[in-house]
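# Working through the structure, step by step
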Amino acid sequence: MFPPVPMLLELARRGHSVRLRTASREVERLRAAGLDASPVDPRIEAVPVDDWRRRGAVGAIGRLLRTFE
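If you're wondering where the values come from, they're calculated on a predicted model, not measured in any experiment. Residue positions are given per chain, counting from 1 as you read along its sequence in written order. With the structure being a predicted model, the display of local features is reserved for residues of pLDDT at least 70 and the display and counting of side-chain atom pairs for 80 or more, all residues being used for whole-chain, interface and lining totals. Values reported for side chains reflect all heavy atoms of the structure, with hydrogen atoms and water molecules removed beforehand.

### A word on helix H4 (residues 56-67)
If you check H4, its first and last C-alpha atoms are 17 Å apart, about what 12 residues at 1.5 Å a residue would give, namely 16 Å. For H4, the set of buried residues is Gly-59, Ala-60 and Gly-62. In a view along the axis of H4, the buried residues occupy a sector of 160 degrees, so they form one face of it. More than 90 degrees from the buried face of H4, the exposed residues found are Ala-57, Val-58 and Leu-65. For the purposes of this entry, the term helix denotes a DSSP run of H or I that reaches at least four residues, the term strand denotes a run of E that reaches at least two, and both are numbered from the N terminus. Helix span is expected to be 1.5 Å times the residue number reduced by one. Any residue under 20% of the maximum accessible area for its type is buried, any over 50% is exposed, and the rest in between are partly exposed; the area is computed with a 1.4 Å probe on protein chains only. Here the arc refers to the directions that run from the helix axis out to each C-beta atom.

### Digging into the nonpolar core
Grouped together as the largest cluster of nonpolar side chains are eight residues: Val-5, Leu-8, Val-18, Leu-20, Val-27, Leu-30, Leu-35 and Ala-37. Those elements giving two or more residues to this core turn out to be helix H1 (5-13) and helix H2 (27-32). Each residue touching Val-27, except ones within four places of it in the same chain, is listed here: Thr-22, Ala-37, Ser-38 and Pro-39. Each nonpolar core is a collection of buried residues, namely Ala, Val, Leu, Ile, Met, Phe, Trp, Tyr and Cys, held together in the definition by side-chain atoms within 4.5 Å. Two residues qualify as a contact provided that any one of their heavy atoms is within 4.5 Å of a heavy atom in the partner residue.

### Quick notes on the side chain of Glu-26
Within the secondary structure layout, Glu-26 lies in the loop between strand S1 (19-22) and H2. The exposure class of Glu-26 is buried, given its relative accessible area of 10%. Polar contacts, as counted here, are pairs of nitrogen or oxygen atoms within 3.5 Å of one another; within protein the pair requires one atom able to donate a hydrogen and one able to accept it, and residues that are adjacent in sequence qualify only if both atoms are side-chain atoms. Side-chain polar atoms of Glu-26 contact the side chain of Arg-29, separated by 2.4 Å.

### What about the confidence of the model for the protein chain?
How sure the predictor is of each residue is captured by pLDDT, a score from 0 to 100. Residues at a pLDDT of 70 or more form 97% of the protein chain, whose mean pLDDT is 87. Averaged pLDDT values for the elements of the protein chain fall to 80 in H4 and rise to 96 in strand S2 (residues 36-39).

### Some points on the environment of Val-27
Mapping Val-27 onto the fold places it in helix H2. Since its relative accessible area comes to 6%, Val-27 is described here as buried. As a C-alpha pair, Val-27 and Pro-39 span 12 residues in sequence and 6.3 Å in three-dimensional space.

Right, here's the structure in full:
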């Protein structure tokens, strides 16, 4: 699962209200894990993401951020 999920689960365990928006295909899995998840707008999911074309995490994150500018 996503890297932040364990942190979100710990926050929920400590009594915080945790809500997140994610890809529609991940909603049920995150709900099953105990999080209040709902899907992002389908128009956001339709944006092509090609962060995998960059080498390394920094390059990939930069490319991903430019996708949603």
